[in-house]
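Secondary and tertiary structure notes
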Amino acid sequence: RESLMNRPNRIREEHFLEAGRKAAESLAAWIGHPVRLDWSRPESVSVEDAGELFGPADAEVAACVLDVHGSARGRFVLVVDAPSIASFVSAMMGTGLDVPEATLKQIAEDPAAFWDELARSAALETANIVACAFLNALTRSWSEENTPETAVELVPSPPLFTLDFAGSLSQLL
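The following paragraphs examine the structure supplied in this document. (Residues numbered from 1 in each chain as written. Predicted model: local features only at pLDDT ≥ 70, side-chain atom pairs only at ≥ 80, totals over all residues. Heavy atoms only, no water.)

**Considering the overall build of the chain**
Helix and strand content of the chain: seven helices and four strands. When the helices and strands of the chain are placed in sequence order, the string is α-α-β-β-α-α-α-α-β-β-α. Burial statistics for the chain: of 173 residues in total, 34% are counted as buried. Within the chain, residue pairs in contact and separated by at least 24 positions form 71% of the contacts whose partners lie at least 6 positions apart. (Helix = DSSP H or I, 4+ residues; strand = E, 2+ residues; numbered from the N terminus. Buried < 20%, exposed > 50% of the residue type's maximum accessible area, 1.4 Å probe, protein only. Contact = heavy atoms within 4.5 Å.)

Written out as structure tokens, the structure is:
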């Protein structure tokens, strides 16, 4: 019996799109607000070019990284938007969705100072929810094309938070 790791088997574009929709639904449930997925189609990008997707090489970028193992191996990198996390934390603390101007200034001028334990925890939990929803949906749709003997399994590690330059994030891939 041949495993998925040893035979050519591509995940179809619609599998990624469905997984993205499920991740958006889970994120909306988690934050209590609608989420719109703007994704026309997945693109294959070389590791060397992936860093450019995170922004200018010298921009500080927050990301949550999960290693994926099972039927396929890789890394799930979720770039975290500080203003969105700030809005989410404000809502959780009962102060509404508005982010104070001082917090927005801190995000722009000193990103490391913004990412305190509460902000990191919110980002990590969000990444965990989004990644698990995405990978579970991807597993279900990918499994439909395989026989029960070759069931697909994609298992994420706990997420790790990193704050680094965009140019350095490609090293995580």
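**Concerning the side chain of Ser-87**
When you line up the elements, Ser-87 lands in helix H3 (residues 82-92). Classification of Ser-87 by relative accessible area gives buried; the value is 16%.

**What about the pattern of salt bridges?**
This model, assessed by the stated rule, comprises four salt bridges. Taking the shortest distance from any N to any O, the salt bridge between Lys-22 and Glu-25 comes out at 3.8 Å. Within this pair, Lys-22 and its partner Glu-25 are both found in helix H1 (residues 13-31), separated by three residues, close to a single helical turn. Overall, the relative accessible area of 28% leaves Lys-22 in the partly exposed class. What emerges from the salt-bridge pattern is a single network uniting Glu-18, Arg-21, Lys-22 and Glu-25. (Salt bridge = Lys/Arg side-chain N within 4 Å of Asp/Glu carboxyl O.)

**So, the packing of aromatic side chains**
A complete count under the given rule lists five aromatic pairs for this structure. Here Trp-115 and Phe-161 contribute two aromatic rings whose centre-to-centre distance is 5.0 Å and whose plane-to-plane angle is 45 degrees, an arrangement assigned as tilted. Of this pair, Trp-115 sits in the loop between helix H5 (111-114) and helix H6 (117-143) while Phe-161 sits in strand E4 (residues 160-165), placing them 46 residues apart in sequence. In this structure an aromatic cluster arises from ring pairing among Phe-16, Phe-76 and Phe-134. (Phe/Tyr/Trp six-rings, centres within 6.5 Å; stacked < 30°, edge-to-face > 60°.)

**Some remarks on H1**
Between its terminal C-alpha atoms H1 stretches 27 Å, which fits the 27 Å expected from 19 residues at 1.5 Å a residue. Among the residues of H1, those classed as buried are His-15, Leu-17, Ala-19, Gly-20, Ala-23, Ala-24 and Ala-28. With its phi angle positive at about 75 degrees, Gly-32 sits one or two positions after the end of H1. (Expected span 1.5 Å × (residues − 1).)

**Observations concerning the nonpolar core**
Membership of the largest hydrophobic core comes to 17 residues, with the highest contact counts inside it found for Cys-64, Val-80, Ile-85, Phe-114, Trp-115, Ala-123 and Phe-161. Those elements that provide at least two residues to this core are strand E1 (60-70), H3 and H6. The element contributing the most residues to this core is H3, with five residues. Ignoring sequence-local partners within four residues, the contact set of Ala-123 consists of Cys-64, Val-80, Ile-85, Trp-115 and Phe-161. Formed by 14 residues, the second largest nonpolar core is a distinct cluster that contains Ala-19, Ala-23, Phe-76 and Val-130. (Core = buried A, V, L, I, M, F, W, Y, C linked by side-chain atoms within 4.5 Å.)

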